[in-house]
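Observations on chain architecture
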Amino acid sequence: MFFRLLLESLFRQRRRKLLAATAILLGTATVTAMLAIGTSVGDKLNHELSSYGANILVTPKADTLDVVVGGVSIRPATAGSYLRESDLTKLKGIFWRNNILNLSPELPLHATLTQAQPSQPATVPALGLWFHHTLHYGTESYAMGAPAMHRWWRLQGAWPADAALDQAAIGSKLAAQMHIAPGDSVALNGEPVRITGIVSSGDATDRTLLLPLALAQKITGQPDAVRRVEVQALTKPEDALARRNPDSLSPALHDRWYCSPYANSIAYQIQEALPNAQAEPIRRITQGEGTILQRISGLMWLVALAALLAASFAVAASMTTAILERKQEIGLMRAMGASQFSVASLFFAETALLSLLSGALGYLLGSLLAARVGWEIFHSTIAFNPVLLPAALGMALLVSIAGGAPSVLRTLGMQPAAVLREDG
Amino acid sequence: MATILQSAVGSEALIHLHGLTREYASRAGAVRALDQVTLTIERGEWVAVMGPSGSGKSTLVNILGCLDQPTHGSVRIAGTDVHQLSRQELDRFRAETIGFIFQQFHLIPYLTALENILLAQYFHSMTDEDEARRALASVGLGDRATHLPSQLSGGEQQRVCIARALINQPPILLADEPTGNLDAANQEIVQEHLRTLHRAGHTIVMVTHDPEMASLADRTVELHHGRIAAERRADLTAQK
Ligand SMILES: Nc1ncnc2c1ncn2[C@@H]1O[C@H](COP(=O)(O)OP(=O)(O)OP(=O)(O)O)[C@@H](O)[C@H]1O
Ligand SMILES: [Mg+2]
């Protein structure tokens, strides 16, 4: 009988209940969406922001002792001027390895480029790079390279294969100047090389030939050599501690410094891992990333809170009128000997059912909304977060019970005669 | 005479109201709906309560049915001082002892005739659909079980209320103007039901404006301004 009564009365006062249900639905949908976005926006935005390039530059230590005479470096090209490509694996062994998103080693050189049709050979700047290099560390492997580091590079054609010694990509201006199209064969220092793609970057790369690192090492005769490495790492915004000199810190502070993903401490660890390397944070966007993130998730929480508040008021208002309209019914049940408890449980069960239904729908809607927003803004979906379902249901339940309870309890507290007297 | 004799000879009366006063606070000062009403009703007696509008008839019946509490005075029903009961005990007591018939039929609008009766069973103890159907049939509505109140006439709705009031076999039946909203034919049907119940031994307290209805009762109590102004027994001439 209880469930029969529950079901029958659930579909009563459809307009009011629809109103309350809509308020709950919209409230939970907004909160779910905001929380879903808020919890994943951190990662997404971090990736998004840090996709704008490197934030740590690693160079050989000898470089810092550069001897410049009359604007010309007279530093001898000693072995110390190079990093070892094979050492880069070590970077995935440092404490903050998971924060290191990408590595892009570079080896600059000059080479003689000759087109297939007999023409003047030209000496052009070239750069040895990883394109889609697979870095193995233990059982894991990571895809890394220059294209991911420079997201703004536009490619026409394909990237050279990292292992290929007869492939290259060419900067757009150089290509235009020398009338080279993707697929053309050219000679590089006399060796045949096929141009796989044309790159436009808007910077000096447009006038550069891009070679697989292995080819560049072969041409320079420096196997395993790397001139510098760009590192893209997720970092924590710089604060007072970050700027301290780690060697001057107390052991406890040093530990804290070391275990915070500041650009500085990651750079410090890179230096530890690569003995003759110098790692320097590049201050670009890194600085602002954290602050933006904090502001955005703060905003999300605020919107979520506002939505919840608005929903509670709407629910409370419509629950109150819905129950006042049914006062007669309450009085009647009491006259039939129904205890306050059984009447209250009936009304609360109905409220709970209504709010759980609309809360579940709200969760679905909110998740869809979050996924949609994720797609629009980050071009990646925000997965349904099952943890938010109980949160959404709990919220819906709380809001509606809190909204309906005062009027139910007040009516139950009255003498049944007084309730029956009042016209519903 | 007879009342004194009965209470002296038999066991305690079924209903014993003593010095009942009910005041309502209002902006214009307190309204005294009942003023020192003392009344004894025997088991199986049929009492009609009459009086002008606002004289306190409904207030009296509501207090009798434990739907309201007196400001002063005591209500003893079947040896129980109602005032001594806890909330839960009072709910239980109401479910066990009293059946209500109201002037405005007071059916739950979204439940069918049958379900309205089942509801009374549910709040009392357990639902028994066969029994509920028999109760509907006994008021001549066996074929209207699945109709909603809005699909029934006033008289039919009132008959559902009677079936509902009786389903738990309460010893006391309280009826506040049960025929107030009915035409002559339906009034006749309701009267017939009440007569049957009276013969079956139910105690009936009935508010009415209609002298013809009142003439069916064993005794008529007349209220004026919250006081008992006159009491008549059907077989005797007016006392007092
Ligand atoms: N809840 C209340 N609040 C204030 N005054 C009330 C309340 N209930 C009843 N009264 C007053 O108490 C008095 C008696 O009311 P009651 O309903 O008992 O009259 P009644 O005899 O049943 O009248 P009627 O024949 O019109 O039904 C009236 O003056 C009424 O205004
Ligand atoms: Mg009345």
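From a predicted model like this one, the values you see are computed outputs, not experimental measurements.

With respect to the overall build of chain B
Regarding its fold elements, chain B presents 8 helices and 10 strands. The buried share among the 240 residues of chain B stands at 53%. Accessible area of chain B: about 10,700 Å², with a carbon and sulfur share of 51%.

Some remarks on the overall build of chain A
When its secondary structure is counted, chain A shows 13 helices and 16 strands. Out of the 424 residues belonging to chain A, those deemed buried represent 50%. Across chain A, the fraction of contacts at a sequence separation of at least 24, relative to all contacts at a separation of at least 6, is 76%.

What about a nonpolar patch on the surface?
A surface patch of nonpolar side chains, amounting to about 390 Å² of accessible area, comprises Leu7(A), Phe11(A), Leu353(A) and Leu357(A). Locating Leu7(A) in the fold gives a position in helix H1 (residues 2-10).

So, the packing of H1(A) against helix H4 (residues 113-124) of chain B
It is at 10 Å that the axes of H1(A) and H4(B) come closest, and there the two elements cross at 135 degrees. It follows that H1(A) is oblique to H4(B) by the angle criterion. Regarding H1(A) and H4(B), the two cross each other, and that crossing is left-handed. Judged by residue contacts, Phe2(A), Arg4(A), Leu5(A) and Glu8(A) of H1(A) engage Glu115(B), Leu118(B), Leu119(B) and Tyr122(B) from H4(B).

Looking at the site of ligand 1
In the vicinity of ligand 1, 14 residues are found, and the nearest of them are Ser53(B), Gly54(B), Lys57(B), Ser58(B) and Thr59(B). Residues near ligand 1 are shared among chains A and B, making this a multi-chain site. At a separation of 3.2 Å, an oxygen atom of ligand 1 approaches a polar backbone atom of Ser55(B). The separation between an oxygen atom of ligand 1 and a polar side-chain atom of His209(B) is 3.3 Å. When the free accessible area of ligand 1 is taken as 630 Å², the share hidden by the protein chains comes to 72%. Elements with a contribution of two residues or more to the shell around ligand 1: strand S2 (31-41) and helix H2 (57-64) of chain B. Looking at the shell around ligand 1 element by element, the count peaks at 3 residues for H2(B).

Examining the pairing of strand S7 (residues 172-176) of chain B
All names here are of chain B. The element S7 is extensively covered by neighbouring structure, given that 5 of its 5 residues are classed as buried. Side chains Ile-172, Leu-174 and Asp-176 of S7 all project onto a buried face; the interleaved residues Leu-173 and Ala-175 project onto the opposite face, where all are buried too. Pairing between strand S6 (residues 98-101) and S7: 4 bridges, direction parallel. Looking at the pairing, Gly-99 lines up with Leu-173 of S7.

Regarding the sheet that holds strand S8 (residues 203-207) of chain B
Residues and elements named next belong to chain B. As summarised here, the arrangement of the 6 strands in space is S6-S7-S8-S3-S9-S10, forming an open sheet in which the pairing is mixed. Strand pairing shows two members of the sheet lacking a second neighbour, S6 and strand S10 (227-233), which therefore form its edges. Here the strands of the sheet are splayed against their neighbours by 15 degrees on average, with no regard to which way each runs. Both S7 and S8 contribute to a ladder of 5 bridges, which runs parallel. Note that in S8 the partner of Asp-176 across the bridge is Val-207. Along the sheet, H2 makes contact with strand S3 (46-50), S6, S7, S8 and strand S9 (219-224), crossing S8 at roughly 150 degrees. Running over the sheet, helix H7 (residues 184-199) touches S3, S7 and S8 and is turned about 150 degrees from S8.

A few points about H4(B)
All names here are of chain B. For H4, with 12 residues, the first-to-last C-alpha span of 17 Å sits near the 16 Å given by 1.5 Å per residue. Counting buried positions over the 12 residues of H4 gives 11, a clear majority of the element. What H4 keeps buried is the set Ala-113, Leu-114, Glu-115, Asn-116, Ile-117, Leu-118, Leu-119, Ala-120, Gln-121, Phe-123 and His-124.

Comments concerning the interface of chain A and chain B
Opposite the 24 residues of chain A that make contact, chain B presents 25 residues. Summed over both sides, the interface of chain A with chain B buries roughly 2,400 Å², with 63% coming from carbon and sulfur. Where chain A touches chain B, the interface holds 1 salt bridge. Salt-bridge contacts for Asp91(B) lead to Arg334(A); the nearest nitrogen and oxygen are separated by 2.8 Å. Where chain A meets chain B, there are 7 residue pairs in polar contact (both at pLDDT 80 or more). Put simply, the parts of the chain that give the side of chain A that touches chain B at least two residues each are H1, helix H10 (327-335), helix H11 (340-378) and helix H13 (416-421) of chain A.

Notes on the sheet that holds strand S1 (residues 15-24) of chain B
Residue and element names in this part refer to chain B. A sheet is described by the order of its strands in space; here 4 strands give the open sequence S2-S1-S4-S5, paired in antiparallel fashion. The open sheet has two edge strands with one neighbour each: S2 and strand S5 (80-81). For S1 and S2, the ladder comprises 7 bridges, and the chain directions are antiparallel. Considered in S2, the bridge of Glu-23 is made with Arg-32.

What to know about the pattern of salt bridges
All names here are of chain B. Counted by the stated rule, this structure contains 22 salt bridges over all chains. Arg-227 is the partner of Asp-35 in a salt bridge, and the nearest nitrogen-oxygen pair spans 2.8 Å. With a gap of 192 residues between them, Asp-35 in strand S2 and Arg-227 in strand S10 connect regions that are remote in the sequence. Looking at Asp-35, the relative accessible area reads 9%, which means it is buried. Exposure remark for Arg-227: the relative accessible area of 47% places this residue in the partly exposed category.

Parameters at a glance
Residues numbered from 1 in each chain as written. Chains lettered and ligands numbered in written order. Predicted model: local features only at pLDDT ≥ 70, side-chain atom pairs only at ≥ 80, totals over all residues. Heavy atoms only, no water. Helix = DSSP H or I, 4+ residues; strand = E, 2+ residues; numbered from the N terminus. Buried < 20%, exposed > 50% of the residue type's maximum accessible area, 1.4 Å probe, protein only. Areas by Shrake-Rupley, 256 points an atom, 1.4 Å probe, with all protein chains shown as cover. Contact = heavy atoms within 4.5 Å. Patch = residues over 30% accessible without salt bridge, like charges linked within 9 Å, V, L, I, M, F, W, Y side chains within 5 Å. Salt bridge = Lys/Arg side-chain N within 4 Å of Asp/Glu carboxyl O. Axes fitted to C-alpha atoms, helices over the stretch in contact; angles between N-to-C directions. Parallel < 35°, antiparallel > 145°, perpendicular 65-115°, else oblique. Left-handed = near helix turned anticlockwise from the far one by under 90°. Near = heavy atom within 4 Å. Polar contact = N/O pair within 3.5 Å; in protein donor to acceptor, adjacent residues only side chain to side chain. Pairing = 2+ DSSP bridges. Expected span 1.5 Å × (residues − 1). Buried area = accessible area lost by both parts, 1.4 Å probe.

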